[in-house]
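Below, each chain spelled out in residue letters.
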Amino acid sequence: GIGLVIVVDQLPHLLGIPGGKGSFLHKVLDLFRGLPHISVATVAVGIAMVATLVLLERYCPSAPAPLVAVSLGIAAMGLFHLDDHGVATVGHIPRGLPPLTLPDLSMTAELWLGALGVALMSFTETIAAGRAFARDDE
């Protein structure tokens with residue numbers, strides 16, 4: 001189900017190939033078409049990051065595995081100049097905080113339905129969690 005959709009969406013990033021747009025089947029076809037263009041350096045970094053996460057969770061579960069993996073990835077990008085070998089970066093990240101601005105109220109009409117859905121799902125999850133952890137005497 002949804003796990004397969006997530007895998008198909010993320011595999012192009014892990015393989016260093018362009019991701020497809022459109023339906024699930026179009027993305028799968030684009031994934032197979034891109035296989036000859038795999039970036040070996042990107043695959044190596046992806047495998048190293050997944051291995052770091054798995055090994056830290058297995059042998060050092062108290063360590064913040066995602067933070068360690070991201071830190072190692074940042075260090076590797078700087079030390080080994082992986083961007084010169086085809087590993088994509090996020091690009092320029094502006095320094096500091098963005099300027100304070102007032103919200104654009106004209107977007108309210110477009111966003112209210114989605115916000116209502118998020119609120120309903122949050123409420124439902126809270127009720128479900130409360131029932132799951134409630135004692136019999138409560």
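Values in this document were obtained by computation on a predicted structure and should not be read as measured data. Each residue is numbered by its place in its chain's sequence as written, counting from 1. Where totals are concerned, whole chains, interfaces and linings use all residues; where local detail is concerned, this predicted model gives features only for residues with pLDDT of at least 70, and gives and counts side-chain atom pairs only at 80 or more. Excluded from the side-chain calculation are hydrogens and water; included are all heavy atoms of the structure.

Colleague: Would you explain the overall build of the protein chain in this entry?
Modeller: We count a stretch as a helix when DSSP gives it H or I for four or more residues in a row; a strand needs E for two or more, and each element gets its number in order from the N terminus. Within the protein chain, the regular secondary structure consists of 5 helices and 0 strands. Along the protein chain, from the amino end to the carboxyl end, the secondary structure elements read α-α-α-α-α. In this setup the radius of gyration rests on C-alpha atoms only. A globule is expected at 2.2 Å times the number of residues raised to 0.38. In terms of C-alpha radius of gyration, the protein chain reaches 21 Å, well past the compact-globule figure of 14 Å for 138 residues. Seen through its C-alpha atoms, the protein chain measures out along the principal axes to roughly 55 × 45 × 40 Å. Contact criterion: two residues are considered in contact whenever any of their non-hydrogen atoms come within 4.5 Å of each other. Expressed as a percentage of contacts within the protein chain between residues at least 6 apart in sequence, the contacts between residues at least 24 apart total 30%. With 7 positive and 11 negative side-chain charges, the protein chain shows a spacing of 5 Å between the two charge centroids. A positive count includes Lys and Arg, and a negative count includes Asp and Glu. His and the chain ends are not counted in either. All charge positions are set by atom: Lys at NZ, Arg at CZ, Asp at CG, Glu at CD.

Colleague: Got a minute to help me understand the packing of helix H1 (residues 2–15) against helix H3 (residues 40–59) in this structure?
Modeller: Describing two packed helices takes the angle between their axes plus the distance from one axis to the other. Their axes nearest at 7 Å, the elements H1 and H3 cross at an angle of 115°. On the side of H1, the interface is formed by His13, Leu14 and Leu15, while H3 contributes Thr42, Val43 and Gly46. Put simply, Ala, Val, Leu, Ile, Met, Phe, Trp, Tyr, Cys and Pro go in the nonpolar bin, Asp, Glu, Lys and Arg in the charged bin, and everything else, Gly too, in the polar bin. Classifying every residue of the contact of H1 with H3 gives 3 nonpolar, 3 polar and no charged. Axis lines are fitted to C-alpha atoms, over the contacting stretch for helices. Their N-to-C directions set the angle, which ranges from 0 to 180 degrees.

Colleague: I would appreciate a short explanation of the side chain of Thr52 in the present structure.
Modeller: Considering the arrangement of structural elements, one finds Thr52 in helix H3. When near neighbours in sequence (up to four residues on either side) are disregarded, Thr52 contacts Ala69 and Leu72.

Colleague: Looking at this structure, how should I read the packing of aromatic side chains?
Modeller: Each aromatic ring pair is summarised here by two numbers: the centre-to-centre distance and the angle between the ring planes. Between 30 and 60 degrees the pair is tilted, below 30 it is stacked and above 60 it is edge-to-face, where a pair is any two Phe, Tyr or Trp rings, Trp via its six-membered ring, whose centres lie within 6.5 Å. As enumerated under the stated definition, the model contains 0 aromatic pairs in all. Counting as a charge over the ring demands two things of the Lys NZ or Arg CZ atom: a distance within 6 Å of the ring centre and an angle within 35 degrees of the ring normal. One residue, Arg58, lies across the ring of Tyr59, its end atom 5.6 Å from the ring centre.

Colleague: What am I meant to see in a nonpolar patch on the surface here?
Modeller: To count toward a patch, a residue needs a relative accessible area above 30% and no salt bridge. Like charges then connect within 9 Å, nonpolar side chains (Val, Leu, Ile, Met, Phe, Trp, Tyr) within 5 Å. Reported accessibility uses the Shrake-Rupley method at a 1.4 Å probe radius. Residues are deemed covered only where the shown protein chains occlude them. What makes a salt bridge here is a side-chain nitrogen of Lys or Arg within 4 Å of a carboxyl oxygen of Asp or Glu, nothing more. Among the surface-exposed residues, Ile2, Leu4, Val5, Ile6, Phe24 and Leu25 lie close enough to one another that they form a single nonpolar patch of about 570 Å² accessible area. For the nonpolar patch, the elements supplying multiple residues, two or more each, are H1 and helix H2 (24–34). When residues in the nonpolar patch are grouped by element, the largest group, 4 residues, is from H1. Residue position: Val5 is located in helix H1. Each residue is placed in one exposure class: buried if its accessible area under a 1.4 Å probe, protein chains only, is under 20% of its type's maximum, exposed if it is over 50%, and partly exposed if it falls in between. Classification of Val5 as partly exposed rests on a relative accessible area of 31%.

Colleague: Could you clarify how one ought to interpret the environment of Leu67 in this entry?
Modeller: Within the secondary structure, Leu67 sits in helix H4 (residues 65–80). The sequence separation of Leu67 and Leu53 amounts to 14 residues, and the corresponding C-alpha distance is 9.4 Å.

Colleague: So what exactly am I meant to see when it comes to the side chain of Thr42 here?
Modeller: The residue Thr42 is located in helix H3 in this model. Residues in contact with Thr42, not counting those within four places in the same chain, are His13, Leu14, Leu15, Gly16, Gly86 and Val87.

Colleague: Explain H2 here, please?
Modeller: Residues spaced three or four apart along an α-helix face the same direction, because each turn holds 3.6 residues. Those residues of H2 lying buried are Val28, Leu31 and Gly34. Down the axis of H2, the buried side of the element spans an arc of 130°, and every buried residue falls inside it. For H2, exposure combined with an orientation more than 90 degrees from the buried face picks out Leu25, Phe32 and Arg33. As for H2, its buried residues are in contact with H1. The arc in question is formed by the directions pointing from the helix axis toward the C-beta atoms.

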